[in-house]
Amino acid sequence: MNKASIEHQIEINVVDLFDVQSNKEISLDEVMDGLRYVMEYRIKGERFPSLDYDVMKRLADGLLMNMGNTEKRKFRQSLTKEADVAFQLFGEFLLEVQEFREAVGEKPVSDLRHSLKLDIRCGPGSTEQEQQSAVALIALLTNTYPQFSDWKELVKSAGHADVQKCMEKNIDLAKAETMPDMGGVILAPEALCFDRRIKRCLKMYRTSLEIGLPSEAIPTLQEHYGKNMLPEPPKTSALKMIWTQLTDFMILLLLAVAILMAATKEFIPMAVLLIVVVLNIIIGFTQEYKAGRALDALTKLSVPKAQVLRDGATSMINSEELVPGDIIFLEEGESVPADLRLAEVSQLEIIESILTGESVAVSKDPKEIKTLTRKLPLGDCKGNAFMATVVARGRAKGIVVRTGRLTEMGKISAAITSHAKVLTPVQRKLAVLGKLLVAFAIVLCAVMAGIMIGYKHPVRESLEVALSLAVSVIPEGLVAVVTVTMALGVRRMAARKAIVRTLPAVETLGSVTFICSDKTGTLTEGKMGAAELWTSDGAAFRFTESTSLDPNRGVATLKMNPGEAPQVIGKTLDQVPAQMLISLMVSSLCNNSSVVMKKKDEDTAIVDVPSLTQVDATHAPDETAEWKGIGDPTEVALVVAAQKAGFPKSFFHDLGYTRIYEQAFDSERKVMSVVYKAPLETGDHFEFVLAKGAPEEILNRCVGFLPPVPPGAAASPLDLLKPSDQDLIQPVTEEFYDRVSEASGRMADGGLRVLGLAFKKVKINGGGAPDTGFGDGLDNINNIKREKEAAAASHKPTVVDLLTAANVTQADDDDDDEEIPPGYSEFELVFLGLIGLIDPAREGVQESVRICKEAGITVVMITGDHIKTASAIAKELGILEEGGRAIKGEELDLLSEQAIAGLKPFPNVFARVSPDNKLKLVKALQSRGESVAMTGDGVNDAPAIKAANVGVAMGITGTDITKQAADIVLANDNFNTIVEAVEEGRQVFDNILKFIVYLLSCNCAEIFLFLLCSIVNVDLPFTVTMILWANIIADVPPAMALGVEPAEPGLMGRHPRSPKRGIITTASFCMILFQSMSMMLLTFGVYMWADKSTGETLEYAHSEAFTFLTTLQLLQGFLSRTMRASVFRLNFFGNKWMLIGVGVSFVLMLIGIYVPGFNRILDLVPVHGFTWAKVVVGCIVLVALSELEKLILRRTGVTL
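What you see is a predicted model, and the numbers here were worked out from it, not measured in a lab.

Thresholds applied
Residues numbered from 1 in each chain as written. Predicted model: local features only at pLDDT ≥ 70, side-chain atom pairs only at ≥ 80, totals over all residues. Heavy atoms only, no water. Helix = DSSP H or I, 4+ residues; strand = E, 2+ residues; numbered from the N terminus. Buried < 20%, exposed > 50% of the residue type's maximum accessible area, 1.4 Å probe, protein only. Contact = heavy atoms within 4.5 Å. Areas by Shrake-Rupley, 256 points an atom, 1.4 Å probe, with all protein chains shown as cover. Pairing = 2+ DSSP bridges. Axes fitted to C-alpha atoms, helices over the stretch in contact; angles between N-to-C directions. pLDDT = per-residue confidence, 0-100. UniProt positions renumbered as here; feature names shortened; annotations may be inferred. Salt bridge = Lys/Arg side-chain N within 4 Å of Asp/Glu carboxyl O. Expected span 1.5 Å × (residues − 1).

Participant: Which parts of the structure should I look at to understand the overall build of the chain?
Facilitator: Secondary structure assignment for the chain yields 44 helices and 31 strands. Within the chain, the fraction of its 1200 residues that count as buried is 55%. Counting only contacts in the chain whose residues sit at least 6 apart along the sequence, the fraction spanning at least 24 positions is 74%. Accessible surface for the chain amounts to roughly 50300 Å². Of this, 57% is attributable to carbon and sulfur atoms.

Participant: Explanation requested: the sheet that holds strand β28 (residues 909-911) in the structure shown.
Facilitator: Each strand in a sheet pairs with another by means of backbone hydrogen bonds, the pair being arranged parallel or else antiparallel. Strand order in the open sheet made by the eight strands is β10-β31-β30-β29-β11-β26-β28-β27, with mixed pairing throughout. In this open sheet, the two strands that pair with only one neighbour each are β10 (498-500) and β27 (886-888). Averaged over all neighbouring strand pairs, the angle between strand axes comes to 20°, with direction disregarded. Note that strand β30 (residues 950-954) and strand β31 (residues 968-970) share three bridges and pair parallel. Counted as the bridge partner of alanine 953 is valine 969 from β31.

Participant: Just to check I follow, could you spell out the confidence of the model for the chain for this structure?
Facilitator: Do not read the predicted coordinates in detail wherever pLDDT is low. Residue-level pLDDT values for the chain average 79, and 81% of them are 70 or greater. This model gives residues 602-621 a pLDDT under 50, and the stretch forms 42 contacts once residues within four places in sequence are excluded. Ignoring residues within four places in sequence, the model shows residues 766-818, a span with pLDDT below 50, making 87 contacts including any to other chains.

Participant: Before we go on, may I ask you to explain the environment of alanine 886 in this structure?
Facilitator: By the element assignment, alanine 886 lies in strand β27. For the pair formed by alanine 886 and methionine 861, sequence separation is 25 residues and the distance between their alpha carbons is 9.3 Å. Apart from the residues within four sequence positions on either side, alanine 886 is in contact with Ile867, Ser871 and Val909.

Participant: Could you clarify how one ought to interpret the UniProt feature "transmembrane region" (unreviewed entry) in the chain in this entry?
Facilitator: In this structure's numbering, the residues bearing the UniProt feature "transmembrane region" (unreviewed entry) are residues 242-261, 267-285, 436-455, 467-490, 995-1018, 1063-1088, 1139-1158 and 1164-1185. With 88% helix and 0% strand, residues 1063-1088 has end C-alpha atoms that lie 35 Å from one another.

Participant: In this structure, what is going on with the pattern of salt bridges? I would like to understand it.
Facilitator: When the charged atoms of two side chains lie near each other, side chains of opposite charge can form a pair. If you walk through the whole model with that rule in mind, you get 33 salt bridges. A salt bridge links glutamate 881 to lysine 853; the shortest N-O distance between them is 2.6 Å. Taken together, the positions of glutamate 881 in the loop between α32 (867-877) and β27 and lysine 853 in helix α31 (residues 845-854) put the pair 28 residues apart, joining distant regions of the chain. Taking the relative accessible area as the measure of exposure, lysine 853 reaches 34% and is therefore partly exposed. A salt bridge links glutamate 1048 to lysine 994, with the shortest nitrogen-to-oxygen separation between them at 3.3 Å. Within this pair, whereas glutamate 1048 is found in the loop between α39 (1024-1042) and α40 (1066-1089), its partner lysine 994 is found in helix α38 (residues 975-1015), the two being separated by 54 residues in sequence. On the accessibility criterion, lysine 994 (1% relative accessible area) is buried. Each of Asp339, Arg402 and Glu408 takes part in one network of salt bridges that share partners.

Participant: How should I be thinking about the pairing of strand β22 (residues 702-705) in this particular structure?
Facilitator: Within a regular strand, side chains alternate between the sheet's two faces. Alignment of β22 against strand β25 (residues 829-838), held across three bridges, turns out to be parallel. Paired with glycine 704 across the two strands is valine 830, which belongs to β25. Pairing between β22 and strand β23 (residues 730-731): two bridges, direction antiparallel. From the neighbouring strand, phenylalanine 705 faces β23, where its bridge partner is glutamine 730.

Participant: Honestly, helix α2 (residues 28-43) in this entry has me stumped. Any pointers?
Facilitator: Counting along an α-helix, one turn takes 3.6 residues, and residues three or four places apart therefore face a common direction. A rise of 1.5 Å per residue sets the reference length of α2, with its 16 residues, at 22 Å; its end C-alpha atoms lie 21 Å apart and thus fit the reference within 8%. In terms of burial, α2 is largely enclosed, as 13 of its 16 residues are buried. Following α2 by one or two positions, glycine 45 adopts a phi angle in the positive range, close to 90°.

Participant: Please clarify how the pairing of strand β6 (residues 339-351) should be interpreted in this entry.
Facilitator: The element β6 is extensively covered by neighbouring structure, given that twelve of its 13 residues are classed as buried. Where β6 lies against strand β9 (residues 390-402), ten bridges are found, and the strand directions are antiparallel. Of the residues in β9, the one forming a bridge with leucine 342 is glycine 398.

Now the structure itself:
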């Protein structure tokens, strides 16, 4: 058996040796540590000289494949640490195992020469350890195998001299058939050990369940394994962040414009532009600094304290001091401080949603799981507990097997830091636009200069004008307006409970085509509640406000016929139906959870739930306190249902009901049962079994059911549990079986998680039953407990020892063999009813899904729930329609990303998914050109959230790391907020497009005007100073005002913009061309009309053209408030910033025209009334042309 165990461990490592290159979750260092440990502690010393040949052959191949790995150090190729360990192990297996020697003997000498790299191991720069190992292995090979007797055949010819020197230097090793000691401490590798028995784990980590590790060994172990701390995320320095902002293409573009302005000696515009640049850098740096702390919250997930056993004594220590081999105690409500191999458990259930996304607690079992891989799905690791998960129920004792970076939490941290965040669409598109503008400016500069020089204008003047025009092509306010628009969008989204962490995410949200949303807590309320109770007499009951934990809110009602109002059920014994009361008693008492009132943000309970009257009398609503559930969410929902009906646990406890026995739920039986005893009037007591579980399991264990109870059959419903000669129970028939199956199916189809409820009377002496040999039952249990406690005499007993389900320190002690008293068995039960639990859909989500569909956005539900439950909720919300498709995570595992992307129809529901499935889904959708928003709350969701185009984290239930990895955090965990954020994102992009079209239209109007004047060889209408002044006053203020323009009607009725489309499309290019040509031709007409015969009249013509075009540009700012709708349909005062911006710009224009002295600097002169009349006519014509353009766009339905 030991030989088989060793071969099994070697086989696992051999598989990893071949997978290590393709599987990033496997570290070659871990594999080598595992093999080294097996060699040192289980094989060396001729303990197992013969092992399976096939395993040894694969091991030899794997070691040869990895022992030649090199890395570059100081301009030389050096062997890696792992390659050295593989080389050492190769020699040790040659010495120890016959079959390994046989496998190596079959290798061609050329293969050995290539893999051993003896020339490098003995060459310049090699370590003394490498040289000694090389000489020792050469001696082993040449002395063992005749075919390898000439060592020169094992070495490349270029390395013969170096190897010869090494052999002479280490002559002793060349004669001794042994490998040199590698040094260092060889300790058990960090691994989950789910395939190891507890005794083997204890031996591996040199520890004991009774004593723990000796304190003296801790420093050495910490030095070897390191601290139990998650790796620090990489931090970007402030200087690097500033440098990143400075080297942004648009910033460089603006700096280039400033330099060009300096070249034309326009220092005032240059100073203004530099101020804009500095403001952009400050805003960008602030956002980058916040985003740079994306992983700082990882340290908050570390558990600060841990209860550890060392030197035979229990103490609380900082969790970062834990090392593999430490014995840890877990109690209900505690977080797990490291990855553990569970040794002893008592009803242990752990909530692993932080890693798996599944909110239902997982039952744990310390039995080993045999497998040929070290990789097992987390949900299947029943014998392990993982760092940062929470104990929902029970107690346990475990062995620390992984710490720090090697824990599941540590691996997720590494996955996040290694996954590069892609540029958002707006970042990519602005970069492309900027480059196009630069190219356009260069071409324009050359054309203008060429035309003017061709008409014999002075070269200096020609170049100066051309340079100024090139400057005007580039919209100086572009980056500022984009940044401010997004920042204002961030503020508006924050008011809608969506907190934006990265500015570009605002725009990106507007172009998403898929929203992949978690079900629990996002599409639903995230609170489990009892929706319906169906009892064996055919009655159906509902619970109002079932998800509220407050026992004073909500009542139980009886479902009546259609059209009739529900009947409220009273909260006293004489008002409640017998089946309902006993069913609720099962819900409440066959349960280990509770609901308590706690101070907000504190862990101290004010009160556990007593009877309702006591709550009302002594615990009035306290604004500083709230009700909280402790334990498994499903069981909490059952407790709450009983409370709302008026029968909490304390009601039955006050009657003297006492729990005396429990059989915990497990995944095989799918049933939980408890035994209670209650006093009789005679002074004796009676006992009964309460059971709940999967409906089919409960029903199959039932021999009868409780029919309608005739009036007067019992003084109280609880009397049905007492010993009685009158038996009301009726046998289960096929007809009844069908009724239960139909009810269960109906509830499941409605998205409910269904549990069956049952009870049984226990015949006992003194309870009214004849002496049947069953006995009391209590004596049996007490005897069993005494035997358990006696078995632990070898160490100081602890609470966990007394309550554990399996005492693994005793070889013959196995709870599976424990004899259950016949009266307490989970058979011959009486069926009571079915209770359906639901996480109800959030209010407004259905409407939000409808809006998404109208907006061309596909909503995908992702959940860990059963596919039937998920599909029911999805249908209710409108996500899954007729002909839609739902798929399970295990089916996704079988598909490649390309296959997923090609699914038709694409599924709207993904059930039973893993974190890997989420990441795979995101990549598959992105591969087909979709823009994906992914939501999540657990740490396991962080890689998928970071990979998505927009990562959305939950603000309430989300972990800190998930929030920090996301682009947007929902403060209310509400799907409706995502849809509102999408609308906000579309508005932001609309506004960005509006001001880009506006800026380019205005600037192009100037360019085309100058080009046309140059072509017809008339004096240019503006001087260089006028061009720059016009750009300053007419570009930024109106464009900034467009950034805060309210959303146009029908914004969510459009389909999302394709991520592949540029900012400037054919339609928007035509719009820019039309608007710029309109303003240019009107201005050209006015300019050509003007008298330019003398220097004075030419100066006035320049001022008139400047006034005319600048006013038209300011008017265009108003007209740009809509891209399609008529401007007359807008509220004139709807954008006050437009009024302010245009007003400021107009005043600055007037100052430049009329203020003496200043107008001479700008080469302007005052204009007269007739000029303003021309301006008014030009404005009327421009409005008419704009309305015609928008009418055409509306009629054609062209997308901008």
